[in-house]
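The residues making up each chain are set out below.
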Amino acid sequence: MSLDKSEVQKIAWLARLSIDEQDIPNYSDELSNILDLVDRMNSVDTKGVSPIAHPLDLVARLRSDNVTETNQRDHFQKHAPLTEDGCYLVPKVIE
Amino acid sequence: MEWETVIGLEIHTQLATESKIFSGAATAYGAEPNVQACAVDLGLPGVLPVINEQAIQMAIKFGLAIEAEIPERSIFARKNYFYPDLPKGYQISQFELPIVSKGHIDIQLEDGSSKTIGVTRAHLEEDAGKSMHEGFGKLTGIDLNRAGTPLLEIVSEPDMRNAKEAVAYMKKIHSIVRYLEISDGNMQEGSFRCDANVSVRPKGQDEFGTRTELKNINSFRFVEQAINYEIERQIDVLEEGSEIVQETRLYDPNKNETRSMRSKEEANDYRYFPDPDLLPVQIEQSLIDEIKSHLPELPDAKKQRFIESFKLSDDDATLLTSQKEIADFFEACVDAAGGETKLSANWITGELTANLNKENMDITDSPVTAEMLGSMIKRIQDNTISGKIAKQVFEAMWNGEGDADSIIENKGLKQVTDTSAIEKLVDDVIANSPDQVKQYQESPPEKQGKLIGYFVGQVMKQSQGKANPKQVNELLKQKLNS
């Protein structure tokens, strides 16, 4: 299976990656290789094998519903580029 | 052409846990920005989600209430999209193997008949944070307190055929989650909100028409208005010979219209895949049995019981069981009233509801408690006060002047049932109204019933409303007809 240029651009957009036009053929090859591998796996007969959702054959341990976290806002916000009135600031995402 | 509407709803209800679905941060509403957003909620590197068992149990509770299958295994998936109030770049949700599979509820239609609406599935997911686009100049402020709050998304089958059915369904789900005490259902605070999928098709056609999705509607009234607007719009488009574009639309309650969100934003490709950070959840049959054995009485069952054991009308029973708090109030009132059900129902659906609506109050905040109302009704029953005087007593109780007995005592509202005292008033009124007596006595019997009202009114006025109306009537008839 081979990905064309517009598909590579769409995948880059979904991942919010900016890519150079000249690198597209290379990405196309690499991504296509991954899909080839998926195709090979799909061709294996898995009749009678039950699907798994996780490679470890374990089930989740749950936590009880208790508040265990304290307010560490000041500590976390020291690492943020911009904050105001307790909010994290980001570029405006709507008009 | 005749058109048929098809509606399906996705309801997001916030689960009433203390802590978040994957972290130990608090979920309380109204805290200062970001004081309840811990490292997990912020999506900092190296953190791992751990599932809150209470959220799982609440979801199972809901599933059992709608008679759904609870699969033995449930898995969480990542739903990938970028938005600043979703710090990880994905929302942990469920795709395959949701916690609740197919179930159903019954809704009541306006003509009194009922209709079963299928629930496709209900799955657990985390809420996102809140973006504030005002007040930060050219920037957007992000508050992540809500990020990671547990949500149960309840997805219906496309079984509804008009806006009223959709509202009835939404109200029923609202009532169920509140009865189960798994959500406060507070719509102003966003704890209960809904997306509506709406399409129309020529009547008789099997395939569905192209649908649009109306996002984030947070009141019953708006759901009805938004759907009705959208039905009209779609029919107009189709009758013009154009086609419906499958898209997400926003409802604007101020203008009462829906409008398209920009297509770029809704070119969604969520690329769901199982979250490798979370192992599958195993649901033991013993847990399901345990939860089942503690399910409370649900609205439909309670309504049936109210009709059967309290002899209430369907309308009264529907009203009184619409909220668990109202039903509880009613039962406590009946208890205090010594088993009097009809008067209790009347006072709650009438006077009390009117007062609560006027003050925009919940029944749980009523200054007149169920016990107070019940004790007052007891006094109507034992003829201490008349129904008319009771309105005065009720107002006084509402205004915090004490309980019924002390108000009756202090204001001297006790009904006069002493026959000789009433007789004296009756005699006075008859003596002072020769013209009316003459008119009454010359009228045919079928007109006398109406004319007697004048005398009753006069006697009641003389007694300041305290004479027993039944006795007044009887005495007047006796004397005027003799």
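Here the structure is a predicted model, which means the values were calculated and not measured.

(A) Local environment of the overall build of chain B. The number of helices and strands found in chain B is 16 helices and 15 strands. Here the C-alpha radius of gyration of chain B, 30 Å, is well above what a compact globule of 482 residues would show, namely 23 Å. Projected onto its principal axes, the C-alpha coordinates of chain B cover approximately 95 × 55 × 55 Å. Scored against the burial criterion, the 482 residues of chain B give a buried share of 49%. In chain B, 68% of the contacts between residues at least 6 apart in sequence involve partners at least 24 apart. Total accessible area computed for chain B in this model is approximately 23,000 Å², and 47% of it derives from carbon and sulfur atoms.

(B) Summary view of the overall build of chain A. A tally of regular secondary structure across chain A gives three helices and two strands. Sequence-ordered secondary structure for chain A, helices as α and strands as β, is α-α-α-β-β. Scaling as 2.2 N^0.38, a compact globule of 95 residues should have a C-alpha radius of gyration of about 12 Å, whereas chain A reaches 22 Å, well beyond that. Across its three principal directions, the C-alpha atoms of chain A cover 55 × 45 × 25 Å.

(C) Broad picture of the domain arrangement of chain B. Here chain B is partitioned into domain 1 (3-290), domain 2 (297-411) and domain 3 (419-481). On a C-alpha basis, the centres of domain 1 of chain B and domain 3 of chain B stand 65 Å from each other.

(D) Here's a closer look at the sheet that holds strand β4 (residues 90-93) of chain B. Residues and elements named next belong to chain B. A sheet is described by the order of its strands in space; here three strands give the open sequence β4-β3-β14, paired in antiparallel fashion. This sheet does not close on itself; its edge strands, each paired only once, are β4 and β14 (273-274). As paired strands, strand β3 (residues 77-80) and β14 are joined by two bridges and run antiparallel to one another. Bridging from a neighbouring strand, A77 pairs with P274 of β14.

(E) Just the pattern of salt bridges, in detail. Within the structure shown, the criterion is met by 38 salt bridges over all chains. Here A:K10 and B:D269 are joined by a salt bridge, their closest N and O atoms 3.3 Å apart. Here A:K10 is found in helix α1 (residues 5-14), whereas its partner B:D269 is found in the loop between β13 (257-260) and β14 on a different chain. Residue classification places B:D269 among the partly exposed residues on the basis of a relative accessible area of 27%. Two residues, B:E297 and B:K302, come together in a salt bridge whose shortest N-O distance is 3.2 Å. Here B:E297 falls in the partly exposed class, since its relative accessible area comes to 28%. Look at B:K302 and you get buried, because its relative accessible area is 6%. Beyond isolated ion pairs, a larger network of salt bridges with shared partners links B:E230, B:R233, B:E247 and B:R249.

Rules and cut-offs
Residues numbered from 1 in each chain as written. Chains lettered and ligands numbered in written order. Predicted model: local features only at pLDDT ≥ 70, side-chain atom pairs only at ≥ 80, totals over all residues. Heavy atoms only, no water. Helix = DSSP H or I, 4+ residues; strand = E, 2+ residues; numbered from the N terminus. Rg over C-alpha atoms; globule rule 2.2 N^0.38 Å. Buried < 20%, exposed > 50% of the residue type's maximum accessible area, 1.4 Å probe, protein only. Contact = heavy atoms within 4.5 Å. Areas by Shrake-Rupley, 256 points an atom, 1.4 Å probe, with all protein chains shown as cover. Domains from an automatic or database assignment. Pairing = 2+ DSSP bridges. Salt bridge = Lys/Arg side-chain N within 4 Å of Asp/Glu carboxyl O.

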